[in-house]
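Survey of secondary and tertiary structure
Residues per chain are reported as follows:
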Amino acid sequence: MSSREIHVVVVGISTAGIGVARKVAALATNGFPNLRVTIIDKNAYTYHSIGAPRGIVDKEFGRSLFFRLDTLLTEFEASAKPKHRFIQALLTNVNKETIELSTGETLEFDYLVLATGAENTFPGNVNARTLEDGRAKLARLYENVQAADNVLVIGGGAVGVEIAGEIADEYPNKRVTLVHSASRLLPLNFKEGISNGAVHKLRRLGVEVVLNERINIPADIQFDGAVRPTTLVGRSGREYTSDIQFLATGTKVRSEYMATLEQHLGTSLREKNGTIKVKPTLQLATNALSNIFVAGDVNSLPGGAKYAVKAGEQAQLVAANLITMINCDTKSAKPVLQNWDGSVMNMIAVPIGKSLGVLQASGIAFGKSCVGDIVVSRVKAKDYFVSKRAKEFPPNANA
């Protein structure tokens, strides 16, 4: 039993942040009663964005994707008086021993975990501060997709394929067009067999798949889920007219909150794309601050480590290293930390509607075959892992 006062702050509460916060908060009921965890996020909820493609066509399923963050750590309270805390705010500055928030509050920390993720277009991200507003926005998208006759999806990665597949499966009379700039669908680090299978199965559902085409996107266009008849032009000169448009071409990291710390240390802590540099231990890449960790999309690991599964693995590593440091008597011993193994995602499951899908596992591609359909429909397409996410929260978290 330790009587030390320990404050761990986790900023950004999605897959990586949830995993770290829960593992570390458990110490409060296991030998560290004076340990407290503060979780910070710009929204009052976490949004299970993996399930967004199904939420577009299933209103009740869309409601299930939102979980209240003020409930996340309640099971880890060591006494009747809560120690753990949720703050809804934006992170504005990181300093050596404190962080500053958009609310004007400054927090001291013993350990800091940055897991602020990456921004995506709607419905990959839902720009709403409250759970109720987030659900309402996704429900309006459901209604707008119902009302639209022509749907355009720009971007043929996993999310774009899933969106096109879900809409075409649910609404076989709608015209759905998927436009992708590369010569094949899905990330290029996976086998071509699943790319070919995705094209084949999308076309079975009636989706028009256009490859090697880049859409010219005007600066003023909004991908907000509204029904807005629009004609966009591809570099080929072809015009694409649609009632509703989805952009699924990637994410953007925002890490401006690191600028002050970089000035204080006199060194750059970020890559050109905004990701934050890390050591193999996922600590911030500076010897001056061993108590700051970075997990998930916001760190500088390669793209193959930025899938949800890998974010969960990063969370486990960061939590393990934090717990090692907390347990270690630094006066007599130096903590031995684990390193990220360098692995990248070599498995992918992509639903194409409720009953079709493509899969790569153990280096084997299941593209056009029915094996992909069977496995993906049972493993991912049944609920896009939302039931797994729900287990991390108490039953009332998305009531």
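It should be noted that the structure appears before, not after, this text.
A short tour of the structure in this document, coming up. This is a predicted model, so every value here is computed, not measured.

**Thoughts on the overall build of the protein**
The helix and strand inventory of the protein stands at ten helices and 20 strands. By the compact-globule yardstick of 21 Å for 399 residues, the protein fits well, its C-alpha radius of gyration being 22 Å. If you line up the protein on its principal axes, its C-alpha atoms span 65 × 45 × 40 Å. For the protein, the proportion of its 399 residues judged to be buried stands at 51%. Summing over all exposed atoms, the protein offers an accessible surface of approximately 17800 Å²; the carbon and sulfur share of this is 48%. Separation of charge centres in the protein, based on 46 positive and 38 negative side chains, amounts to 4 Å.

**Topic: the sheet that holds strand β12 (residues 208-210)**
Reading across the sheet, the four strands line up as β12-β11-β10-β16 and stay open at both edges, with parallel pairing between neighbours. Strands with a single pairing partner mark the edges of an open sheet, and in this sheet they are β12 and β16 (244-247). Within this sheet the neighbouring strands show an average axis-to-axis angle of 15°, counted without direction. Alignment of strand β11 (residues 175-179) against β12, held across three bridges, turns out to be parallel. Paired with V179 across the bridge in β12 is V210. Those strands touched by helix α5 (residues 158-170) are β10 (150-154), β11 and β16, and its axis lies near 170° from that of β11.

**Observations regarding the nonpolar core**
Core analysis: the biggest nonpolar cluster contains 113 residues, and V37, V94, I99, L114, I167 and F246 have the highest contact counts within it. Considering every element that reaches this core, the biggest residue donor is helix α8 (residues 308-327), with eight residues. Setting aside residues no more than four positions away along its own chain, F246 makes contact with I56, P123, L141, V145, V151, L152, V153, I154, I163, I167 and F223. The next biggest cluster of nonpolar side chains, apart from the first, holds ten residues, and it includes I215, F223, L232 and Y240.

**Quick notes on the environment of K368**
By the secondary structure assignment, K368 is in the loop between β20 (364-366) and α9 (370-379). Sequence separation between K368 and G193 is 175 residues, and the spatial gap between their C-alpha atoms is 7.7 Å. Excluding residues that lie within four positions of it along the chain, K368 makes contacts with N196, G197, H200 and K201.

**Quick look at the sheet that holds strand β18 (residues 348-352)**
Pairing is antiparallel in the open sheet, where three strands are placed in the order β18-β19-β20. If you trace the sheet from one side to the other, it starts and ends with β18 and β20, each paired once. For this sheet the average axis-to-axis angle between neighbouring strands, irrespective of direction, equals 5°. Relative to strand β19 (residues 356-361), β18 is paired through five bridges, and the arrangement is antiparallel. Bridged to I352 within β19 is L356. Strands in contact with α9 are β18, β19 and β20; relative to β19, the strand with the most contacts, it is inclined by about 95°.

**Comments concerning the pattern of salt bridges**
This structure, assessed with the given rule, holds 16 salt bridges. Across the salt bridge formed by R270 and E262, the nearest N and O atoms sit 2.8 Å from each other. Owing to a relative accessible area of 12%, E262 belongs among the buried residues under this scheme. Within this structure, E119, R254 and E256 form a network of salt bridges that share partners.

Rules used throughout
- Residues numbered from 1 in each chain as written.
- Predicted model: local features only at pLDDT ≥ 70, side-chain atom pairs only at ≥ 80, totals over all residues.
- Heavy atoms only, no water.
- Helix = DSSP H or I, 4+ residues; strand = E, 2+ residues; numbered from the N terminus.
- Rg over C-alpha atoms; globule rule 2.2 N^0.38 Å.
- Buried < 20%, exposed > 50% of the residue type's maximum accessible area, 1.4 Å probe, protein only.
- Areas by Shrake-Rupley, 256 points an atom, 1.4 Å probe, with all protein chains shown as cover.
- Lys, Arg positive; Asp, Glu negative; His and termini not counted.
- Charge placed at Lys NZ, Arg CZ, Asp CG, Glu CD.
- Pairing = 2+ DSSP bridges.
- Axes fitted to C-alpha atoms, helices over the stretch in contact; angles between N-to-C directions.
- Contact = heavy atoms within 4.5 Å.
- Core = buried A, V, L, I, M, F, W, Y, C linked by side-chain atoms within 4.5 Å.
- Salt bridge = Lys/Arg side-chain N within 4 Å of Asp/Glu carboxyl O.

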